[in-house]
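So the chains spell out like this:
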Amino acid sequence: MDYEMQKAMRRELNERIPPAPKGDPQNELRHVVNSQRFRGKSFDQSVTIALDFVRKRYPQFTPCILPPR
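Residues numbered from 1 in each chain as written. Predicted model: local features only at pLDDT ≥ 70, side-chain atom pairs only at ≥ 80, totals over all residues. Heavy atoms only, no water.

### Some details on the packing of helix α1 (residues 3–16) against helix α2 (residues 25–38)
Right, on to step 1. Put simply, α1 and α2 touch, their axes get as near as 11 Å, and they point 150 degrees apart. By the angle between their directions, the pair α1 and α2 is classed as roughly antiparallel. Between α1 and α2 the crossing geometry is right-handed. The residues of α2 that touch α1, namely those facing Gln6, Met9, Glu12, Leu13 and Asn14, are Arg30, Val33, Asn34, Arg37 and Phe38.
Right, on to step 2. Here the contact of α1 with α2 is composed, by residue class, of four nonpolar, three polar and three charged. (Axes fitted to C-alpha atoms, helices over the stretch in contact; angles between N-to-C directions. Helix = DSSP H or I, 4+ residues; strand = E, 2+ residues; numbered from the N terminus. Parallel < 35°, antiparallel > 145°, perpendicular 65-115°, else oblique. Left-handed = near helix turned anticlockwise from the far one by under 90°. Contact = heavy atoms within 4.5 Å. Nonpolar A, V, L, I, M, F, W, Y, C, P; charged D, E, K, R; others polar.)

Below is the structure:
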């Protein structure tokens, strides 16, 4: 994957799923979304997979996902 694509994906992640304090499930969500994006999934597919994964560990988790610009 070329550098420009990685940069664009990182920018989208930072804009749509803001970072949280250390240890927060929001950061785990960000990591799973990022890894799914590197595997070629779309942003929406990645978020769906990540939410399923994070909610197994944190059933009461409410993510902060912002709409696209």
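### Describing the side chain of Arg37
Right, on to step 1. With respect to the helices and strands, the residue Arg37 is situated in helix α2.
Right, on to step 2. Assessed through its relative accessible area of 17%, Arg37 is described here as buried.
Right, on to step 3. Engagement of the side chain of Arg37 in a polar contact is seen with the backbone oxygen of Lys41, the distance being 3.1 Å. (Buried < 20%, exposed > 50% of the residue type's maximum accessible area, 1.4 Å probe, protein only. Polar contact = N/O pair within 3.5 Å; in protein donor to acceptor, adjacent residues only side chain to side chain.)

### What to know about the nonpolar core
Right, on to step 1. Leu13, Ile17, Leu29, Val32, Val33, Phe43, Val47, Ala50, Leu51, Val54 and Phe61 together form the largest nonpolar core, which totals eleven residues.
Right, on to step 2. At five residues, helix α3 (residues 43–57) tops the list of elements feeding residues into this core.
Right, on to step 3. In this structure Leu13 touches Arg30, Val33 and Asn34, once residues within four positions along its chain are discounted. (Core = buried A, V, L, I, M, F, W, Y, C linked by side-chain atoms within 4.5 Å.)

### Focus on the pattern of salt bridges
Right, on to step 1. All chains considered together, the criterion is met by three salt bridges.
Right, on to step 2. Here Glu12 ties to Arg37 by a salt bridge, and the two come within 3.1 Å at their closest N and O atoms. Highlighted residues: Glu12 in helix α1 and Arg37 in helix α2, separated in sequence by 25 residues.
Right, on to step 3. Given a relative accessible area of 23%, Glu12 falls into the partly exposed group.
Right, on to step 4. One salt bridge in this structure joins Glu28 and Arg57, with 3.4 Å as the shortest N-O distance. Here the residue Glu28 occupies a position in helix α2, and Arg57 occupies one in helix α3, the gap between them amounting to 29 residues.
Right, on to step 5. Of the residues examined, Arg57 reaches a relative accessible area of 54% and is grouped as exposed.
Right, on to step 6. Bridged by salt links that share partners, the residues Glu12, Arg16 and Arg37 form one connected network. (Salt bridge = Lys/Arg side-chain N within 4 Å of Asp/Glu carboxyl O.)

### Section: α3
Right, on to step 1. Compared with an ideal rise of 1.5 Å per residue, which puts 15 residues at 21 Å, α3 spans 22 Å between its outermost C-alpha atoms and is within 8% of the ideal.
Right, on to step 2. On its buried face, α3 sits against α1 and α2. (Expected span 1.5 Å × (residues − 1).)

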